[in-house]
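Structure at a glance
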Amino acid sequence: MEMLTSLSEGTQFSIQLAVVLICLFYGAKKGGIALGLLGGIGLLVLSFGFAVAPGKPSIDVMLTILAVVVASATLQASGGLDVMLQIAEKVLRKNPKFLTILAPFVTCFLTMLCGTGHVVYTMMPIIYDIAIKNGIRPERPMAASSISSQLGVIASPVSVAVVSLTALLLNPEINKNPLAGFDGYVDLLAITIPSTLVGVLAIGIFSWFRGKDLDKDEDFQERIKDPEQKEYIYGDSKTLLGQKLPTIQWVAMWIFLGAIAIVAILGAFPELRPQFTSKGVTKPMNMVATIQMFMLLAGAALIIFTKLDASKIAKNEIFKSGMIALVAVFGISWMADTMFAVHTPMMKESLGNIVINHPWTYAVMLLLISKFVNSQAAAIAAFVPLALGIGVEPGIIVAFAAACYGYYILPTYPSDLATIQFDRSGTTKIGKFVINHSFILPGLIGVIVSCIVGYFLALSFGYL
């Protein structure tokens, strides 16, 4: 230990950063829950090797993740999610010519309502079926929809990323320079929702013209010459239409949407929240606690009114992916806070002026970190406290919130890989050089446009 602690601060920082990056890269490579668990190795090296006092994991963020995930998983287990998917399919099948524009909006809205982009898996077979039966190159709506489903995370009132960013911006210990008139939750969504929707529109417009039409695609035409391949490509229709869903599933959907609506109203009107006095100052209950309460309430109401077997909640995809996100945020945020807190003064001196003079560099760094950790919430938990510590304006962080989505850069994310498998035509694919895959251009276009729109919205709100 003495040998390591006797090194200069710059050398210590370089070694520690290498350890942290190795943990992130290896954890991302192993996938799943490994990303959070690898944080334990980094913490062990930092504390026992460099005598760095352990930092603080993002407890508020983690508890909110838990509440939101349980509520969303309960919605799926109760069948309320099936109702949303059936409504979405009706919209798409009535307007097949505009599938490439509409499908990304549908998957984005589903994410905004449920708080997770994993709802896209059920929509992909439907989008593919509509595309191939109407002579539309499946890559166009499918790649756009996969990207848009993840882009919608930062615009969701019940997503982990939004709650994480809100909690960090409102934490006086982390954000020493709070934005005037910024209450966090609703004010953040007032930036991220419109900027995200414009980004999704840009993705749809670009995708409308990408690639060759199927009748002019030599590779596709060659494949369908084989009768077996043609039958496989065109296949049987996948649909939720015609299924009469029980009334109780509609009740489940409205309970969940009602809880989201109440949270949004309480965020917009702080005077409706309970008022508490501390140290002579009276303030409304904060939005982090409000979200946690109403998400737990939504889950409880779903169990009570739909007579749901509670044991089913922990068995679905939303719960599993949410718990993985919880462990990832725990390990990564704790490791990052431990390392960066001790070196913040040095980093502020060396990086502060660069980021302050060139705000776009913050967005680039957040984008790359997101790719390393494969999670928007984990990227925010790891990088936003550091950015605030080295002097990045909170207004910049709000404006470039969409930059927390960068894990489309390499086609390794589950929703992208699943989309490739769902496209039986082979038009959605990974290119020869890996980086030239079907998702990178829609992803870059969506994030860049969202960041530009977010910047101008932040300017108009007076945050910059």
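Described in the following lines is the structure provided in the data block. Sequence positions are assigned chain by chain, starting from 1 and proceeding in written order. Given that this is a predicted model, residues contribute local features only at a pLDDT of at least 70 and side-chain atom pairs are listed and counted only at 80 or more, while totals for whole chains, interfaces and linings are drawn from all residues. As a rule here, side-chain values cover all heavy atoms of the structure and leave hydrogens and water aside.

Quick look at helix α8 (residues 120-133) now. Numbering goes from the N terminus for both helices and strands, where a helix is a DSSP run of H or I of at least four residues and a strand is a run of E of at least two. Multiplying one less than the number of residues by 1.5 Å gives the expected span of a helix. Taking 1.5 Å of rise per residue, the 14 residues of α8 would be expected to cover 20 Å, and the 20 Å separating its terminal C-alpha atoms lies within 8% of that figure. Restricting attention to buried positions, one finds in α8 the residues V120, Y121, M123, M124, P125, I126, I127, Y128, D129, I130, A131 and I132. At the exit of α8 stands G135, carrying a positive phi of roughly 70°. Whether a residue is buried, partly exposed or exposed follows from its accessible area with a 1.4 Å probe, protein chains only, as a fraction of its type maximum: under 20%, in between, or over 50%, in that order.

Moving on, we come to the layout of surface pockets. Each cavity reported here is a set of points on a 1 Å grid over the protein atoms alone in which a 1.4 Å probe fits but cannot get out, each pocket an open set with protein on both sides within 12 Å along at least five of seven lines, and each lining residue one with an atom within 4 Å of a point. Grid points are joined across faces, edges and corners, and a volume is the space filled by probe spheres set on the points. Taken as a whole, the largest pocket spans an internal volume of roughly 1200 Å³. A167, L170, N171, P172 and E173 are the residues nearest the centre of the largest pocket, which is lined by 38 residues in total. Of all the secondary-structure elements, those providing two or more residues to the lining of the largest pocket are α5 (59-78), α10 (160-169), β2 (281-284), α15 (287-306), α16 (317-357) and α18 (376-389). When residues in the lining of the largest pocket are grouped by element, the largest group, 6 residues, is from α16.

Positive phi outside glycine occurs at A51, with the angle close to 55°. Tracing the sequence through the fold places A51 in the loop between α4 (39-50) and α5. Its identity as a non-glycine residue notwithstanding, K307 has a phi of 55°, on the positive side. Relative to the assigned elements, K307 resides in the loop between α15 and α16. For K307, a relative accessible area of 76% corresponds to the exposed category.

Below, the discussion takes up the pairing of strand β1 (residues 275-278). Strands are labelled as partners when DSSP assigns at least two bridges between them. In this structure, β1 lies alongside β2, joined through 4 bridges in antiparallel fashion. Directly across from S278, in β2, lies its bridge partner V281. Counting the residues between successive antiparallel strands, the hairpin from β1 to β2 contains 2 residues, one of them, K279, with a positive phi of roughly 55°.

Criterion for a salt bridge: a side-chain nitrogen of Lys or Arg within 4 Å of a carboxyl oxygen of Asp or Glu. As enumerated under the stated definition, the model contains 9 salt bridges in all. Residue D129 pairs with K133 through a salt bridge whose shortest N-O separation is 2.9 Å. Taken as a pair, D129 and K133 lie in helix α8 at a separation of 4 residues, close to a single helical turn. The exposure class of D129 is buried, given its relative accessible area of 2%. Here the residues in one salt-bridge network are E89, R93, D129 and K133, joined through shared partners.

Turning to the packing of α10 against α18, a few remarks are in order. A fitted line through C-alpha atoms represents every axis, and for helices the fit uses only the stretch in contact; the resulting angles, taken between N-to-C directions, go from 0 to 180 degrees. One way to put it is that α10 packs onto α18 with a least axis distance of 9 Å and a crossing angle of 20°. Relative to α18, α10 is oriented roughly parallel. For α10 against α18, the interelement crossing comes out right-handed. On the side of α10, the interface is formed by V160, A161, S164, L165 and L168, while α18 contributes Q376, A377, I380, A381, V384, P385 and L388. The residue classification treats Ala, Val, Leu, Ile, Met, Phe, Trp, Tyr, Cys and Pro as nonpolar and Asp, Glu, Lys and Arg as charged. All others, Gly included, are polar. Split into classes, the residues belonging to the contact of α10 with α18 amount to 10 nonpolar, 2 polar and no charged. In these notes the angle categories are as follows: under 35 degrees is roughly parallel, over 145 is roughly antiparallel, 65 to 115 is roughly perpendicular, and the rest is oblique. Note on convention: near helix rotated counterclockwise from far helix by under a right angle means a left-handed crossing. Clockwise means right-handed. The contact criterion used throughout is that any non-hydrogen atoms of two residues lie within 4.5 Å.

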